[in-house]
Amino acid sequence: MASGNQRIPSPNTAENCIVVQRQLAEKDYPVFDFQSDALENAIPFFDGDCIIRVANNFVLREKAYRFIHKIYHRLGYNSQNDTSIRFSIFDAMPETTTLIAEDKKGEIAGVLTLVFDSPVGIPADGIYRPHIESMRNDGAYLCELISFGTADGTRGSVKNIAGLFFCAYLLALSLIH
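Predicted model, so just to flag it, every value in this text is computed and none were measured.

Undergrad: Which residues make up the sheet that holds strand E5 (residues 143-150), and what are the values?
TA: One open sheet accounts for 5 strands, arranged E1-E2-E3-E4-E5; its pairing is antiparallel. Among the strands making up the open sheet, the edge pair consists of strand E1 (43-45) and E5. Between one strand axis and the next, the sheet turns by 20° as a mean value, whatever way the strands run. Looking at chain direction, strand E4 (residues 108-116) and E5 are connected through 6 bridges and run antiparallel. Bridged to Val111 within E5 is Gly149. The strands touched by helix H3 (residues 58-75) are strand E2 (50-54), strand E3 (97-102), E4 and E5; relative to E5, the strand with the most contacts, the crossing angle is about 70°.

Undergrad: Give a detailed account of the nonpolar core, specifying residues and quantitative values.
TA: In terms of nonpolar packing, the biggest core is built from 17 residues, with Phe45, Ile52, Leu99, Leu114, Leu164 and Cys167 touching the most fellow members. Put simply, the parts of the chain that give this core at least two residues each are E1, E2, E3, E4 and helix H5 (157-176). The greatest single-element share of this core, amounting to 7 residues, is contributed by H5. Counting residues in each nonpolar core, the second largest holds 10 residues, with Ala55, Phe67, Ile71 and Ile100 among its members.

Undergrad: Which residues make up unusual backbone geometry, and what values do they have?
TA: With a phi close to 45°, Ser147 is a non-glycine residue in the positive phi region. When you line up the elements, Ser147 lands in strand E5. Residue class for Ser147 comes out buried when judged on its relative accessible area of 12%.

Undergrad: Summarise helix H4 (residues 125-137); cite the residues concerned and give the values.
TA: For H4, with 13 residues, the first-to-last C-alpha span of 14 Å runs short of the 18 Å given by 1.5 Å per residue. Where H4 bends most, at His131, the angle is about 50°. Along H4, the positions that sit buried rather than exposed are Asp125, Ile132 and Arg136.

Parameters and conventions
Residues numbered from 1 in each chain as written. Predicted model: local features only at pLDDT ≥ 70, side-chain atom pairs only at ≥ 80, totals over all residues. Heavy atoms only, no water. Pairing = 2+ DSSP bridges. Helix = DSSP H or I, 4+ residues; strand = E, 2+ residues; numbered from the N terminus. Axes fitted to C-alpha atoms, helices over the stretch in contact; angles between N-to-C directions. Contact = heavy atoms within 4.5 Å. Core = buried A, V, L, I, M, F, W, Y, C linked by side-chain atoms within 4.5 Å. Buried < 20%, exposed > 50% of the residue type's maximum accessible area, 1.4 Å probe, protein only. Expected span 1.5 Å × (residues − 1). Bend = angle between axes of the 7 residues up to and from the residue.

Honestly, that's just the spatial picture; any functional story needs more than this.
Printed below as a string of structure tokens:
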């Protein structure tokens, strides 16, 4: 296991990505301190083309929920009577974490929410409860990714997706180790 003060290099260079991949492959999981890295500071990726931050206050959460609502409404996932915000009971759980990808101008370019298993469960329980219960009974730590979307025509959207998923993976990993 990694020592408590080991840091994850930002994967904005090929060398840093190789280091992270090697650490993960060797199961020498680096410690990612979301308290200091993502809650207080943004995490830059790809030389600042993509900035990932945790929506850790009301203003950022509201922006994230409105962003996702707009995307889901345009795609027809929301009913016509929906409010202008996408929010569920799972968003209110203390373990749930919403990540925001910002472009160089500070505009939201993507959002991804991680819902960790709790007494309320995860959203997929509504459809796959028997399978999920089986995994729980086997001792699995469960997490579901919800409310994922990126802005249309965003230059560097692949970078935003990569940054969001990389941080989501590290966050989930940090909570189970």
